[in-house]
Amino acid sequence: MSDIREKALQYHSEPVPGKISIELTKPAETVNDLALAYSPGVAEPVREIAADPNNAYKYTAKGNMVAVISNGTAILGLGNLGPLASKPVMEGKALLFKRFAGLDSIDIEVKHRTTEDFINTVENIADTFGGINLEDIKAPECFEIEKALIERCSVPVFHDDQHGTAIVTAAGMLNALEIQGKKLKDALIVCLGAGAAAIACMELLIKCGAQREHIYMLDRKGVIHTRRDDLNEYKMLFANNTDKRTLQDVIEEADVFVGVSGPDLLAPEDLKLMADKPVVFACSNPDPEIKPEVANAARNDLIMATGRSDYPNQVNNVLCFPFIFRGALDVRATAINDEMKIAAVNAIREIAKEPVPQEVLSASGESSLEFGKDYIIPKPMDPRLLPRVARAVAEAAVESGVAQIEMPENYML
């Protein structure tokens, strides 16, 4: 860990501090160039945009620009360390947008007193950008913030900690259940964790076919049930009318375990209580709810995923968020709706079923990969993700009525 610490600090500080910079897209070498870039020439696009705000897409970088916005209240697994401390993470998100989808991105860290202050700040700057990516905002405030901004903003707003996690989880889950010979609509699901990612994952799984009454969700106090009087409105959606109170009570004969909680909370003895051919997504980072080597020692019939790159089946948000925004911005979508999320789920899961290109094997350090228990979701470096996911999302935006322009001809083909 000390080696990683030193390498990470050096990476972020040398040869220049930070991970992003601004690049010029127009010449600025002569007096004539400057006269066009600024005064007096810049007045002409100003007049065009004043006459028709849609001209901002023609004359500015708005259509390729995403704001990555945080208040630093839930930074990775580190907790509430404040807006400025979140800046390396937000710059990292901007790096990923550029690397994987060619999107320009600016990180914005917001200091505020109330939730309404944060909402107003983002609403007031939203039109500068083609889309808003919310990041590392704690629950339950994140639900209120995203809902309000979706209602108030004319550009898509997407809380990646919720929906990015949910999309990749759903894609991997559907594939894992298919391999195990099970159907999502029949699956008994245990979700350990009841924060933003957990609730979003379960809601999207329901939209993909899971039955709400088949889901048991647990927080720090145990099973979320109808007789508890300490539940917020979001947890109440998953309150079961049940006498079961513990993880051991609900995991018996469960088909699926989804962990978005903390390390080593699923014991081998708990895993042995699950149904035949279980699916286990232990996504706590950096340490999962149960380590794969421990899980595989306890059972030989499971499919397992984690949030880590050093194990098979990494649930990694970078499989979706750059490409969702790429597709959304390219048709000037006003929102990222459920139809677009489900389109992304299906596009991602289908890629995993196809032969893996050699360049992906080389980048992943693998000699071979084939759809099966150790390969249920694509690798982040797979170049097929951009065209396939972006196109699926753009098509869904057009078909669901949130796109402001038609999909460009031969888009991403």
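Residues numbered from 1 in each chain as written. Predicted model: local features only at pLDDT ≥ 70, side-chain atom pairs only at ≥ 80, totals over all residues. Heavy atoms only, no water.

For helix 15 (residues 338-351), spanning 14 residues, the distance from its first C-alpha to its last is 20 Å, which sits close to the expected 20 Å at 1.5 Å a residue. Three or more residues of helix 15 are buried, namely M340, K341, A343, A344, V345, A347, I348, R349 and I351. Where the residues of helix 15 are buried, they touch helix 8 (160-179), helix 9 (196-207), helix 14 (321-330) and helix 17 (385-400). Regarding helix 15, its N-cap is N337, as a side-chain oxygen of that residue lies 3.3 Å from the backbone nitrogen of E339 further along. (Helix = DSSP H or I, 4+ residues; strand = E, 2+ residues; numbered from the N terminus. Expected span 1.5 Å × (residues − 1). Buried < 20%, exposed > 50% of the residue type's maximum accessible area, 1.4 Å probe, protein only. Contact = heavy atoms within 4.5 Å. Polar contact = N/O pair within 3.5 Å; in protein donor to acceptor, adjacent residues only side chain to side chain.)

With that settled, the discussion passes to the sheet that holds strand 4 (residues 157-159). The four strands are arranged 2-1-3-4 in an open sheet whose pairing can be described as parallel. Each having just a single partner strand, strand 2 (104-109) and strand 4 make up the two edges of the open sheet. Across the sheet, the mean angle from the axis of one strand to that of its neighbour is 25°, orientation sign disregarded. Packing of helix 6 (residues 115-125) onto the sheet brings it into contact with strand 1 (65-70), strand 2 and strand 3 (131-134), and relative to strand 1 it is tilted by some 170°. (Pairing = 2+ DSSP bridges. Axes fitted to C-alpha atoms, helices over the stretch in contact; angles between N-to-C directions.)

A few words now on the side chain of D219. Examined against the element boundaries, D219 turns out to sit in strand 6 (residues 215-219). Of note is the side chain of D219, whose polar atom sits 2.9 Å from the backbone nitrogen of K221. If we skip the residues at most four places from it in the chain, D219 touches A194, I224, R228, L231 and K235.

Where nonpolar side chains cluster on the molecular surface, the patch consists of L76, L78 and L81 and spans about 340 Å² of accessible area. Counting through the fold element by element, L81 comes out in the loop between strand 1 and helix 5 (87-101). (Patch = residues over 30% accessible without salt bridge, like charges linked within 9 Å, V, L, I, M, F, W, Y side chains within 5 Å. Areas by Shrake-Rupley, 256 points an atom, 1.4 Å probe, with all protein chains shown as cover. Salt bridge = Lys/Arg side-chain N within 4 Å of Asp/Glu carboxyl O.)

As a further point, take the pattern of salt bridges. Summed over all chains, the structure comprises 35 salt bridges. One salt bridge in this structure joins E151 and K147, with 3.0 Å as the shortest N-O distance. Highlighted residues: E151 and K147, both in helix 7 (residues 141-152), separated by four residues, approximately one helical turn. Residues E151 and K147 agree in their burial class; the two are exposed. In this structure, the salt-bridge partner of R299 is D301, at a minimum N-O distance of 2.9 Å. On the basis of relative accessibility, which here comes to 10%, the residue R299 falls in the buried class. Several salt bridges converge on common partners, so that one network encompasses D219, K221, R228, D230 and K235.

This part covers the layout of surface pockets. Of the voids in this model, the second largest pocket is the one considered here, and its volume is about 1000 Å³. Lining the second largest pocket are 29 residues, and of these E23, L24, T25, K26 and A61 lie nearest its centre. Counting only elements with at least two residues in the lining of the second largest pocket, the list comes to helix 2 (31-37), helix 3 (43-51), helix 4 (56-59), helix 5 and strand 2. By residue class, the composition of the lining of the second largest pocket is 18 nonpolar, four polar and seven charged. (1 Å grid on protein atoms, 1.4 Å probe; cavity = no way out; pocket = protein on both sides within 12 Å on 5 of 7 lines; lining within 4 Å. Points joined across faces, edges and corners; volume = space filled by probe spheres on them. Nonpolar A, V, L, I, M, F, W, Y, C, P; charged D, E, K, R; others polar.)

Throughout the structure, instances matching the rule amount to four aromatic pairs. Taking 5.0 Å as the distance between ring centres and 75° as the angle between the ring planes, the aromatic pair formed by F97 and F321 counts as edge-to-face. One end of the pair, F97, is in helix 5; the other, F321, is in helix 14, with 224 residues separating them in the sequence. Linked through ring pairs, F97, F158, F321 and F325 together constitute an aromatic cluster. Positioned above the aromatic ring of F238 is the side chain of R212, whose terminal nitrogen or guanidinium carbon lies 5.0 Å from the ring centre. (Phe/Tyr/Trp six-rings, centres within 6.5 Å; stacked < 30°, edge-to-face > 60°. Lys NZ or Arg CZ within 6 Å of the ring centre and 35° of its normal.)

Below, the discussion takes up the sheet that holds strand 7 (residues 222-223). Within the open sheet, the six strands sit side by side as 7-6-5-8-9-10. Their pairing is mixed. Two strands lie at the open edges of the sheet, namely strand 7 and strand 10 (303-306), each paired on one side alone. One ladder, built from four bridges, connects strand 5 (residues 189-192) with strand 6; its direction is parallel. Note on strand 6: the bridge partner recorded for V190 is Y216.

A few words now on the side chain of K93. Structurally, K93 can be placed in helix 5. The residues touching K93, leaving out its near neighbours within four places in the chain, are V68, N133, E135, D160 and F321.

Bringing the UniProt feature "domain: Malic enzyme N-terminal" (unreviewed entry) in the protein chain into the picture now. Residues given the UniProt feature "domain: Malic enzyme N-terminal" (unreviewed entry) here are residues 17-150. With 42% helix and 12% strand, residues 17-150 has its two end C-alpha atoms placed 34 Å apart. (UniProt positions renumbered as here; feature names shortened; annotations may be inferred.)

Okay, the UniProt feature "domain: Malic enzyme NAD-binding" (unreviewed entry) in the protein chain next. As annotated in UniProt, the feature "domain: Malic enzyme NAD-binding" (unreviewed entry) corresponds to residues 162-398 in the numbering used here. Regarding residues 162-398, the helix share stands at 40% and the strand share at 10%, and the terminal C-alpha atoms are separated by 23 Å.

For the pair helix 5 and helix 14, interaxial distance at closest approach is 9 Å and the crossing angle is 65°. Between helix 5 and helix 14, the angle is such that the two are roughly perpendicular. Note that helix 5 runs across helix 14; the crossing there is right-handed. Contacts between helix 5 and helix 14 involve K93, L96, F97, F100 and A101 from the first element and F321, P322, F323, F325 and R326 from the second. Residue composition of the contact of helix 5 with helix 14, by class: eight nonpolar, no polar and two charged. (Parallel < 35°, antiparallel > 145°, perpendicular 65-115°, else oblique. Left-handed = near helix turned anticlockwise from the far one by under 90°.)

Another point: the environment of E406. One can find E406 in the segment after helix 17. In this structure E406 comes out as exposed when scored by relative accessible area, which is 62%. Note: C-alpha distance between E406 and D330 (76 residues apart in sequence) is 9.1 Å. Among all residues touching E406, those that are not within four sequence positions of it are V331 and V398.

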